[in-house]
Each structure stands twice: as C-alpha cells, then as structure tokens.
Amino acid sequence: MGLELYLDLLSQPCRSIYIFARSNNIPFEFKHVELFKGSVLGKKPAAGSGAEQPRAGPSNSEGAGKVSLLKKVPALKDGDFTLAECTAILLYLSRKYNTPDHWYPSDIQQRARVDEYLSWHHANIRANAPKTMWIKVLIPLFTGQPLPSEKLQEVMEGLSTSLKQFEERFLQDKAFIIGSEISLADLVAIVELMQPVGVGCDIFEDRPRLREWRRRVEDAVGKELFFQAHEMILNIKELSNIQIDPQLKEQLAPVLMKMLK
C-alpha cells in the first residue's frame, strides 16, 4: 500500500502538504475529502497539466474519519501508519523522503527558526487570516445574513498587526524566513495568507516587501503548482449565489450564527 493523503484544497494546511508533496515529487494517492460535504463547496478543481486531481466521493470522507483519530483533514496513511496535524505530516514527509535540506534544515539553529515561526504562526497569522473568508463568504452563504462591516474591519486590524510582526521579526531583509531558500515556514505562511486574497482582501497590495516574498515563494515551488493548489480559494467568491444543501445548512447555520454576535 502506498502513501495516501486525505486533503481538501479549501483548507490551508491541506494546501501546504499538497504543494510540498508535489514540489518534491513525493508519490501519493490524493484522497479528496469534502469539508462541506453535500454542497458545491467540495467541487473538484479543474484538471491541469497532467497533475493528479482530487477524486471526490463519500468513501474518501469516510476514510478520513478512520485514518485520523481527530476526524479532520489533513490526514496521512502510509501502509498501516496513520498521522494527523499539518506540521507533523510535513515533518514526516520531509524525513521519510529525504527532501532538500532547506525545507527543514539540519543546522540546529536554522531548524529552530523554522520551529519558532511555526509556533508563532498559529496564534497570529492563522488566528486572523482565515476569518476573512468566513466573514465575507461562508457565514453569509450558510446563514443568509451578511456580517456587519465592523467585523471585517476588526479582523483586518488584527491581521495587519500580525503582518507587521511577520515582516519585521521573521522576514526582515531576507529572501525567505530563514534566509536565502524557502522552508516549511514560508510554505505554511503563504497558504494562510492566500485566504484573504481569495475573498478580495489583497493584503499584498500595499506591502512591497511582503509582495516580493510571495513572488519568491511562488517561483520556488513553481507558479503552475502554486495556482493549481489555490484555484478553489481564488474562485471562492463565485460560491456566493449557490444553493446550499438544506440539511447541511440546518446543521451549520446555528453554529455560524454565534459568530455574528
């Protein structure tokens, strides 16, 4: 049995794993798990350049629940071995497939810098960037009620603070977070920062240093792969007028309504 990755490219952590595996030519079977099963939010991206595309189907969603004790994506299955959590999966793949050292350096201090960023990321960039998509697209889609503009403004202010810290503390005047080459830290950061872009909040527009860093990351992994992985996110506003499966809406609307308050 070969390597299986249970992913949905709407998910930022899933995209980081997808890009990492593809850019390092790691062979795997893509098990497409629809995070919003029953709605068109789980539609497959368009085929492109011969790259293997996700295969939608209920068996993959059920399989992810069996693979991950946490019952969420991303999840990895390698023979009888299963693994959850994005960082754990990225590190497992880098070690098993002996990927180039720059991804997770053998130098103890450079490796510590990657670890430092990954630790900081969750309470800062990840705490704010994904909320833009929920506020502008998903909550209105499921509840039928737009959020007041103050909610988005609050999130963007928090994200702006995190981006300032990102540029000044982590990026500084370097090409990438730990120096002259891309690392797992850059990959985890960029997929998160594409969430606001997908809903029309271009956080790169007025930040030339951040914009140039994004360009270098795209070049490092390959622009074709980068935009293939982000295709659904960059077109997510097209979902604003679709009909949600009534049962799914009934299940999720009350939870999301709490975010309106």
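Per an unreviewed UniProt entry, the chain is named glutathione transferase, and its organism is Rhodinocichla rosea. In its Sequence similarities (unreviewed entry) section, the UniProt entry covering the chain states "Belongs to the GST superfamily. Theta family."

S.K.: It is not clear to me how the pairing of strand 1 (residues 3-7) should be interpreted in this structure. Could you clarify?
M.R.: For a regular strand, the rule is simple: side chains alternate between the two faces of the sheet. Buried residues dominate strand 1, accounting for 5 of its 5 residues. Neither face of strand 1 is open: one carries Leu-3, Leu-5 and Leu-7, the other Glu-4 and Tyr-6, and all of them are buried. Pairing of strand 1 with strand 3 (residues 75-78), which is carried by 4 bridges, proceeds in the antiparallel orientation. Within strand 3, the residue paired with Leu-3 across the bridge is Asp-78. In this sheet, strand 2 (residues 29-32) lies alongside strand 1 in parallel orientation, the contact comprising 4 bridges. The partner of Leu-5 across the bridge, within strand 2, is Phe-30. In this region the chain leaves strand 1, passes through helix 1 (residues 12-23) and returns to the parallel neighbour strand 2; the handedness of that crossover is right-handed.

S.K.: Is there a simple way to explain the pattern of salt bridges in this structure?
M.R.: Two side chains that carry opposite charge are able to pair once their charged atoms sit near each other. Per the counting criterion, the structure on display carries 12 salt bridges. Its salt-bridge partner being Asp-78, residue Lys-96 comes within 2.4 Å of it at the nearest N-O pair. Residue Lys-96 is located in helix 3 (residues 86-96), and its partner Asp-78 is located in strand 3; the two are separated by 18 residues in the primary sequence. Across the pair Glu-192 and Arg-126 runs a salt bridge whose closest N-O atoms are separated by 2.9 Å. A residue pair is termed long-range when its members are at least 10 positions apart, and Glu-192 in helix 8 (residues 184-198) and Arg-126 in helix 5 (residues 125-128) qualify at 66 residues. Assessed through its relative accessible area of 28%, Arg-126 is described here as partly exposed. Salt bridges sharing partners connect three or more residues here, namely Glu-212, Arg-214, Arg-215, Glu-218, Asp-219 and Lys-223.

Calculation notes
Residues numbered from 1 in each chain as written. Predicted model: local features only at pLDDT ≥ 70, side-chain atom pairs only at ≥ 80, totals over all residues. Heavy atoms only, no water. UniProt positions renumbered as here; feature names shortened; annotations may be inferred. Buried < 20%, exposed > 50% of the residue type's maximum accessible area, 1.4 Å probe, protein only. Helix = DSSP H or I, 4+ residues; strand = E, 2+ residues; numbered from the N terminus. Pairing = 2+ DSSP bridges. Right-handed = clockwise from strand over helix to strand, strands pointing away. Salt bridge = Lys/Arg side-chain N within 4 Å of Asp/Glu carboxyl O.

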